[in-house]
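Listed here are the chains, written in short residue letters.
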Amino acid sequence: MKKTFQKAALRGATCLSAASLALFAIPAFAQDTTPQAADEADADVGEAIVVTGSRIQTGAPTTAAPVQVLGSEQIQSTGSVNIQETLLKNPVFGTPTYSRTNTSFSTSGAGLATVDLRNLGIDRTLVLINGRRVVSGVPGSAAVDLNMIPVQMLDRVETLTSGSASAVYGSDAVAGVVNFVLKDDFQGMQFDVKSGIAETGDNYTLDTSVMLGGNFDDGRGNATLFVGYSEQGAAYMRNHKTEAGRSDVDSISALLVGESDSPFDKYAPYYSGYIPQGTYYTDNGAFTYGPGGALQPCVATNVATCSNSLGTGTGPTGFNRTAQRYLAIPVQRYSAFMNAHYDVTDSITAFLEGSFVSTNAKSNIEAFPWDTSYGYADGQMPIETLFNGVTYRNPYVPDAIFNDSSDTNGDGLRDIFVTKRLNDFGNRTSSSTQNTFRVVGGFRGEIAKKWNFEVFGNYGQSNITQNGTGQINVLNFVNSQQIIPDGAGGYQCASEAARQQGCVPANVFGTGSLANALDYLQAPSTYTAVQKQTQVGGNISGGITNPLGADDIGISIGAEYRREAQDARWDALQTAGLNGGNALPPTVGSFDVKEVYGEARLPLVTDSFVHDLSIRGAARYSKYSTVGGTFSWNAGAEFAPIRDVRFRAMYAQTVRAPNIAELFAGRSQDFPQVQDPCVGIGATGGGALGDNCRAAPGVLANIAANGGAFAQTQSDLQGVTSFSGGNPNLSEEKGKTLTLGMVVNPVSIDALRNLTLTVDYFRVKIQDAIVQTDLNYILNQCYNNNNLCDFIVRRPAVSGPNSSGSLDEVNSGVTNSGGVKTSGIDVTVNYTHSFDLGNTRLNTSLNVAYTHLLSGYTIPLVTEQTKDYFEGEVGAASDRFTANLGVGTDGFRITATGTYIGASWIDDQFDGYHAYKVHPEFYLDLQARFFTKTGVEFFVGMDNVFDNDPIYMASVSGAATGMESDTGTYDPLGRRFYAGAKVKF
């Protein structure tokens, strides 16, 4: 057994044994722990194991940094199709940047799945597979797309909840490490199938796979193969609801329109003013087509009637966007994995890992809201054409609009401002395919007694291809509006060159008017991204006799080389912002890094007057082609006065080098939701805020036009643009982490030998943090402190539907200008017990993981030292826990998982510190699993048993773009059911 165990440990570069599970690695949920675990721990002491966060093989399953482990049985008990869903129940993980339920409006990240330890960002969480790096699935970032990791292939997930591993694994491990350990040494064949659906009838899921493996050459080698297909269907907003009711009609927080003092009250309908029939602004008013199709001289977006000096009209004329939107992105995955190893000699093993995963995701949002600011510098579209000295009227312009229009910009031609929902083009859709290939190979083994080696090569490549529809070619549209007679009783485009390219006159007036010009006006978008990661490395580890008489001194040294490269490009029109959408320039760049590292563990006392006392440390020097040399290190200690109690401490300096996007991303465009601090400011008063607001372009004119107080229209709220990009002058960010903890595993008390309790304090401080300054922070700094105002652009005068003085742009960028701190306490409890109930052996388990945040804030600008607190805010609740209770026999097992998210505050940048509080949520999931003697398992499950609805907070800071809540933090899908089976031969 000992030799076999040692080889298995060597094969899993950063794996845990059953002993480590029992003694210190307390999971977030129930784990594969049996009543004999402690006995096995006794037997295994002295055997070679390697713990996540260290490369040293040691005879005791201990670590100075906390590690949580999730076993395969417990992963299965959650019924998740994507491992992200399971991990997010763990309170050490924050709200993900990317998930199926918060990426509907993402231009190139729809359907991705990432994790974020400690709410410190996806780029500060290092994701490994079998202890090695993985090529990024998020363009420009180091973050890994968890779609590439099939649930059935997982043996366990090990989460190092401390940033101490930067010296062991290198950059990005600032918040911690998530290590996915895949199944190895599998023998036999296993079929899995699972399907589910939401109570609303959407969100259909299917997960199927086949795994087979076996030994060969008299047991010297083993190969494990896996092939799988999974599908997570679309969920639509119109089918679901929040606490404020159904999400089938456009709405906004009533606070934002002055109808309530609470951001959680719903104001509906709040339709979009960008409508399929179009709105046409002359210098005197606005025209549109009413519900009956008749032209009217006023707009009634959300009301039944309208009137002005030009006449009256009916409504509502607005457009309902919500009915078109996905709540959850549909995702399909095709997966193929192989793990193999072969004992070349008795002391050298060759290993090979290979994987190919194809992930397909689709997005669907309402038709594009276009206006004439796309194509015309001042937004004013001429409705006349000057050709060969003759002025021709646009033949499609209704008389009422033509007669009320004038030349507003002095070019001699009448003009108007137009807004129109491009329903003729269909919804904006995208279809993305991400093919990820990864291969790892190398050798490991023994070079001498107590000394081992490993050399490896690791190559990964991710290719993304995305095609989109629903956009307009802005240049072609301009040509289509220069209309002259064709000499045969019809009309043609004035430019002969444009006619040769297919130009036809386009009618922009009324519903369905652009249908005849679609072939010329449509602008399908394309996006391609290639990300490559190359890594080679080697290390030697072993032990030397300890002169103190304690266990051997453990030592590990090694070197690595890694290169990261990316080339991500949109089509020419999208790059320049000439298709009506965001301007998205290419991101192209690469860097490489050469690293050396070392680690040592020195036992001071072993099984003497105290059970164990040891110290350890690690250091890594890295030479980057971008930021130069960096140095990270850690130092820790473990003290077990008796076998049942262990204290641990770790202090570390961490390093994170800037990623490709932070360095090289082009200046891209977004359309954010922000809170204008000037709203309500009058002609006088308001202190410094009032003075600074009134000094901004257009604000005084707005105040005068709105009865003495600055106000926003619906178009103003929805018409803010933001530009941001990379910064090649960034340097690395440095962090300092501290963990202090205690592990209690009373193996000396028979009734409690399967109880493990851990309590750990953590603190993370990051200096020179690479941050993109929050837009609301920029606004507040400008108008309260007269700082950062260069990032803000206001409209100096009325522009179409937008008011004078309204926000046009609020821009940002990445700098080493920030700081981040978070601290808190993690508590985990794991207890298993078996007892006889009549003639039945009943196995029970209880597992609890709790995190309490003590502090958490960012400093957007070091020069200001103003703290933006996130502790206790939505997505970073002060208190979170998950509890898992399992009861079963050899024939069945019932599991209940509860997840609690504590009361949270809306972001203080929205409307002040702790202004609005979100109530706590508790979710309950149930599963029943049945076992047969023939190796067949059947299971059924229910998620969100109480059918909790997310709290309503549309357009409030924290809500996902286009959603009515924070759909990354709170479950938006409601009650769901699933069933499946597993057959093993």
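Counting of residues starts from 1 at the beginning of each chain's written sequence and follows it residue by residue. Local features in a predicted model are, by the rule used here, given only for residues with pLDDT of at least 70; side-chain atom pairs are given and counted only at 80 or more, and totals for whole chains, interfaces and linings are based on all residues. Think of the side-chain values as coming from all heavy atoms in the structure, minus any hydrogens and water.

An unreviewed UniProt entry lists the chain under the name TonB-dependent receptor, with Novosphingobium barchaimii LL02 given as the organism. Check the Sequence similarities (unreviewed entry) section of the UniProt entry for the chain; it says "Belongs to the TonB-dependent receptor family." The UniProt entry for the chain carries the following comment under Subcellular location (unreviewed entry): "Cell outer membrane". UniProt positions are given in the numbering used here, feature names are shortened, and annotations may be inferred rather than shown by experiment.

A. Summary view of the domain arrangement of the chain. Taken as a whole, the chain is organised into domain 1 (67–238 + 328–365 + 431–468 + 527–658 + 730–774 + 813–984), domain 2 (239–326 + 366–425 + 484–523) and domain 3 (668–727 + 776–810). Using only C-alpha atoms to locate each centre, domain 1 and domain 2 end up separated by 47 Å. Here, residues are in contact when the closest pair of their heavy atoms is within 4.5 Å. At the interface, 42 residues of domain 1 touch 31 residues of domain 2. Buried area between domain 1 and domain 2, both sides added, is near 3100 Å², and the carbon and sulfur share of it is 55%. Among the residues domain 1 hides against domain 2, the three largest losses belong to M237, R238 and Y952. Together they make up 26% of the total. Whenever a carboxyl oxygen of Asp or Glu lies within 4 Å of a side-chain nitrogen of Lys or Arg, that contact is scored as a salt bridge. Where domain 1 meets domain 2, there are two salt bridges. As a salt-bridge pair, D947 and K241 come within 3.6 Å of each other at their nearest N and O atoms. Counted as a polar contact is a pair of N or O atoms within 3.5 Å, where, for protein atoms, one must be capable of donating a hydrogen and the other of accepting one, and residues adjacent in sequence contribute only when both atoms are in side chains. Remark: the boundary between domain 1 and domain 2 carries 22 residue pairs in polar contact (both at pLDDT 80 or more). Strands are runs of DSSP state E lasting at least two residues, helices are runs of H or I lasting at least four, and both sets are numbered from the N terminus onward. Looking at the side of domain 1 that touches domain 2, the element that brings in the most residues is strand β23 (residues 348–365), giving four residues. In the scheme used here, Gly and all other residues not listed as nonpolar or charged are polar, with Ala, Val, Leu, Ile, Met, Phe, Trp, Tyr, Cys and Pro taken as nonpolar and Asp, Glu, Lys and Arg as charged. Tallied by class, the residues present in the side of domain 1 that touches domain 2 amount to 23 nonpolar, ten polar and nine charged. Each domain span listed reflects an automatic or database assignment of domains. As a working definition, buried area equals the accessible area (1.4 Å probe) given up by two parts on being put together, with both sides summed.

B. The nonpolar core, seen in detail. Residues belong to a common nonpolar core when they are buried Ala, Val, Leu, Ile, Met, Phe, Trp, Tyr or Cys residues joined through side-chain atoms within 4.5 Å. For every residue, the accessible area obtained with a 1.4 Å probe (protein chains only) is divided by the maximum for its type, and the residue is called buried under 20%, exposed over 50%, and partly exposed between those limits. By size, the foremost hydrophobic cluster in this structure holds 40 residues, and its most contacted members are I83, L87, L146, L154, V157, V178 and F180. Among the secondary structure elements, those contributing two or more residues to this core are α5 (83–87), β4 (125–129), β6 (154–160), β7 (176–182) and β42 (755–772). For this core, the leading source of residues is β42, giving five residues. Excluding anything up to four places from it in sequence, V178 contacts L87, F93, V115, L117, T125, L126, V127, L128, V157, E158 and T159. Ranked by size, the runner-up nonpolar core spans 31 residues in total, among them V397, V418, A506 and Y520.

C. View of the pattern of salt bridges. The full count for this structure, using the stated rule, is 41 salt bridges. Salt-bridge contacts for R393 lead to D399; the nearest nitrogen and oxygen are separated by 2.6 Å. Taking relative accessible area as the criterion, R393 reaches 32% and is therefore assigned partly exposed. Here R444 and E454 are joined by a salt bridge, their closest N and O atoms 3.8 Å apart. Here the residue R444 occupies a position in strand β29 (residues 428–448), and E454 occupies one in strand β30 (residues 451–469), the gap between them amounting to ten residues. The same class applies to R444 and to E454, which are both buried. One salt-bridge network, in which partners are shared between bridges, spans E599, R601, D612, R616, E638 and R646.

D. Looking closely at the state of the cysteines. Two cysteine sulfur atoms make up a disulfide if the distance between them is within 2.5 Å. Across all of its chains, the model carries four disulfides by this definition. With a sulfur-sulfur separation of 2.1 Å, C298 is cross-linked through a disulfide to C306. Taking the torsion about the sulfur-sulfur bond, which here is approximately 70 degrees, the covalent link between C298 and C306 counts as right-handed. The pair C298 / C306 is uniform in exposure class, with both members buried. One disulfide in the model links C678 with C693; its S-S distance is 2.0 Å. With the S-S bond torsion at -90 degrees, the cross-link from C678 to C693 turns out left-handed. Remark: C693 occurs in helix α13 (residues 687–694) and C678 occurs in the loop between β39 (668–670) and α13; sequence separation between them is 15 residues. Sequence-ordered numbering of the disulfide-bonded cysteines in the chain gives the connectivity 1-2, 3-4, 5-6, 7-8.

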